Amino acid sequence: MDIDARLGRLRKLMRERNLSAYIIPTEDFHGSEYVGEYFKAREYMSGFTGSAGTLVVLPDQAALWTDGRYFIQAAQQLAGSSIALMRMGQPGVPALEEYLNDMLTEGSVVGFDGRTLSQRFVHKMAQKTAAKKISFAGGEDLVDMVWIGRPPMSAKPVWEISTDYTGRSREEKLCGVQEQMRAQGADILLLTALDEIAWLLNLRGDDVAYTPVFMAYLVVEQGQTYLYAHREAFSEEILEKLSEAQVTVDAYEAVEQKLQEIPALSRVWCDSGSVNYRLYNSVPAAAERIDKDSPVLHMKAVKTLQEMAHIRDAHVKDGVAVTKFMRWLKTSADREKITELDAARKLETFRRKMEGYLGASFEPIIAYGAHGAVVHYEPTEETDVQIVAGGLCLADTGGHYVDGTTDVTRTLAIGTVTEEEKRYYTLVLRGHLALGAARFVKGVSGQNLDVLAREPLWEEGLDYNHGTGHGVGYLLNVHEGPQRFQWRITETSGNVPLEEGMVLSNEPGIYLEGKFGIRHENLVLCRMGERNGHGQFMYLEPLTMVPFDRDAVLPELLSRRELQWLNAYQEKVYESLSPYFEGEELAWLRRATEELSHA
């Protein structure tokens, strides 16, 4: 069945229910970035496979909103369908709620599965469309009635992560949460974000691609916690440990009834930005809601000393794998046929040789030539091309280790590249080095620092259409908040001060459609430096240990200070990785990290 045929079946169901629009987001019931196969409703109904986007279906037209990372990909994948692409943030492109207000008549009804949209999202739509008295129906999953052969919801085994890695037991974490509840006067805390639940209970799972979490909701009270999950996914040993921590496990679907039975006048802490519409409205009207960020959001962003130590170990292991891949690709592309998918598989084989490796932290991006200009390009059998000498190859990949999560991008010169490619490579590198070398006083946020990475590009009238950096979890989401490097301050990205223990990515880039793309990404750890009469100073410790490709650098474009930063980093990479190399590989690593100079 093609896309338009699927839309036709959905529209028939909409007419039967008198719906004027139906919204299909990317999300699962928990607002996850990556979702299991069961939840890929937007992909099934649109054909667009990116990890962010929302489809709106009207009786006679449809539109899909996505961000700058996916403009090129979405245009390609929507071609031939009746779905219009809405490039978010671009001039003349209405926000989704504005589009609904413009397109719908007074008294229209908008449908959606209330478990896949947050309460805040629906409230925003309601505010924008209030003058037209548009109402919302979130009770039915109509895509489920269209989707032939829909995969079942995952319920894979849950596993435990030791306090040797986390540094804090689940009992300690729960006590910390309950203390914050008392400070807010909250009787009940509702958690729905899967990474927050996994972090709080020191548990992990395999229900979501690239994210070691399990399907669950959590209700925390003083002295007792209720976990709603697929009970069959838990061993008796884990169930016993949870019981010892005063955690009761009940059926995944039972959470709605639990919320509906909350006593009147109870104070319920639930973040409308993450809790889905149906659950948020399951809380009785007689209860008071405390609508603010979950306390776990900030707690898990600040890594413990044990986590910091293990994360460093993970990045050395990952650096060995990625550097060996880098050598293989640069020395083999002109001697044998290697495609993007071949390269992705080869990198995976290098990572699998590393102790404690569990799997990829996101779909690998191996993008040669013009494919590099597609910010989140993912090679498929249909798009796969050969990597040949005479071009740039962007490799953005990451892994989960028992020691932590990695995310690294290197743009590699395959054979001889042009002066233009080298110039852009070096401009982006200048921004990366400047941000990585930042020194700042405590209280500064990532929004304050974002300009450091962009300034070399802005000076040339250039920019990139994505944030400069995101937070990274500990064996959890490769993208987490609240910390980030991003100049825009939006409703969902507050001005969050950077604290010691926060991990972020540093990844400026440049993308020339039809030509090439360049991105340089390290993960960095926020640390406390000197304290003096001017305050507590902070700095960013590089975690990623992979050399930059000196074959693509134009040293004359780097200042003396920038050369010092680059050479110091390359030497640190050599010192970290050389014990794991020998023979010709070690000789190659030494050449790859040799000092660059203006001479």
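Everything discussed here concerns the structure shown above.
Trainee: Can you walk me through the pairing of strand β3 (residues 62-66) in this structure?
Mentor: Working note: regular strand, side chains alternate between the two faces of the sheet. Along β3, five of the five residues are buried, which leaves the element largely enclosed by surrounding structure. Judged by which residues are buried, β3 turns out to be covered on both faces: A62, L64 and T66 on one side and A63 and W65 on the other are all buried. Hairpin connection from strand β2 (residues 54-57) to β3: four residues lie between these consecutive antiparallel strands. Sheet topology note: the β3/strand β4 (residues 83-87) ladder contains five bridges and is parallel.

Trainee: When you look at the pattern of salt bridges in this model, what are you seeing that I'm missing?
Mentor: Between side chains of opposite charge, a pair can form as their charged atoms come close. For the structure on display, the rule yields 40 salt bridges. As a salt-bridge pair, R120 and D271 come within 3.1 Å of each other at their nearest N and O atoms. You can see R120 sitting in helix α5 (residues 119-128) and its partner D271 sitting in the loop between β13 (267-269) and α12 (277-280), a full 151 residues away along the chain. For R120, a relative accessible area of 26% gives the class partly exposed. Classification of D271 by relative accessible area gives buried; the value is 11%. One salt bridge connects D551 with K330, and the closest N-O pair in it is separated by 2.9 Å. Here D551, found in the loop between β28 (535-542) and α18 (560-577), pairs with K330, found in helix α14 (residues 305-332); they are 221 residues apart in sequence, far enough to count as distant.

Trainee: Is there a simple way to explain the sheet that holds β13 in this structure?
Mentor: Adjacent strands of a sheet form backbone hydrogen bonds with each other and so pair up, either parallel or antiparallel. Pairing is mixed in the open sheet, where six strands are placed in the order β12-β11-β10-β8-β13-β14. This sheet does not close on itself; its edge strands, each paired only once, are β12 (247-251) and β14 (288-290). Averaged over neighbouring strand pairs, the angle between their axes works out to 20° when direction is ignored. Examined bridge by bridge, strand β11 (residues 224-229) and β12 share five bridges and lie parallel to one another. By the bridge assignment for β12, Y228 is matched with D250. Lying over the sheet, helix α8 (residues 170-184) contacts β8 (188-191), β10 (216-221), β11, β12, β13 and β14, oriented at roughly 60° with respect to β10.

Trainee: Would you explain the packing of helix α16 (residues 419-436) against α18 in this entry?
Mentor: Helix packing for two helices is described by the angle between their axes and how far apart those axes are. It is at 10 Å that the axes of α16 and α18 come closest, and there the two elements cross at 75°. Classified by the interaxial angle, the pair formed by α16 and α18 is roughly perpendicular. In this structure, α16 contributes L429, R430, L433 and A434 to the contact, and α18 contributes E562, W565 and L566. Class assignment for the residues of the contact of α16 with α18 results in five nonpolar, no polar and two charged.

Trainee: I would appreciate a short explanation of a nonpolar patch on the surface in the present structure.
Mentor: Nonpolar side chains collect at one region of the surface, where V451, W458 and W487 lie side by side and expose about 280 Å² of accessible area between them. Mapped onto the secondary structure, W487 falls in the loop between β23 (480-485) and β24 (503-506).

Trainee: Hey, could you run me through the pairing of β11 in this one?
Mentor: In terms of burial, β11 is a largely internal element, five of the six residues being buried. Here six bridges tie β10 to β11, and the two strands are oriented antiparallel to one another. Each residue of the ladder has a partner; that of L218, found in β11, is L227. Hairpin connection from β10 to β11: two residues lie between these consecutive antiparallel strands, with G223 at a positive phi of about 90°.

Trainee: How should I be thinking about a negative patch on the surface in this particular structure?
Mentor: Together, E171, E172, E236, E240 and E244 make up a region of like negative charge exposed at the surface. Elements with a minimum of two residues in the negative patch: α8 and α10 (236-244). If one sorts the elements of the negative patch by residue count, α10 sits on top with three residues. Looking at the element boundaries, E172 is found in helix α8. A residue is classified by how much of its surface remains accessible, and E172, at 44% relative accessible area, is partly exposed.

Reading the values: rules and limits
Residues numbered from 1 in each chain as written. Predicted model: local features only at pLDDT ≥ 70, side-chain atom pairs only at ≥ 80, totals over all residues. Heavy atoms only, no water. Buried < 20%, exposed > 50% of the residue type's maximum accessible area, 1.4 Å probe, protein only. Helix = DSSP H or I, 4+ residues; strand = E, 2+ residues; numbered from the N terminus. Pairing = 2+ DSSP bridges. Salt bridge = Lys/Arg side-chain N within 4 Å of Asp/Glu carboxyl O. Axes fitted to C-alpha atoms, helices over the stretch in contact; angles between N-to-C directions. Contact = heavy atoms within 4.5 Å. Parallel < 35°, antiparallel > 145°, perpendicular 65-115°, else oblique. Nonpolar A, V, L, I, M, F, W, Y, C, P; charged D, E, K, R; others polar. Patch = residues over 30% accessible without salt bridge, like charges linked within 9 Å, V, L, I, M, F, W, Y side chains within 5 Å. Areas by Shrake-Rupley, 256 points an atom, 1.4 Å probe, with all protein chains shown as cover. Lys, Arg positive; Asp, Glu negative; His and termini not counted. Charge placed at Lys NZ, Arg CZ, Asp CG, Glu CD.

These results come straight from atomic positions and should not be treated as a statement about function.
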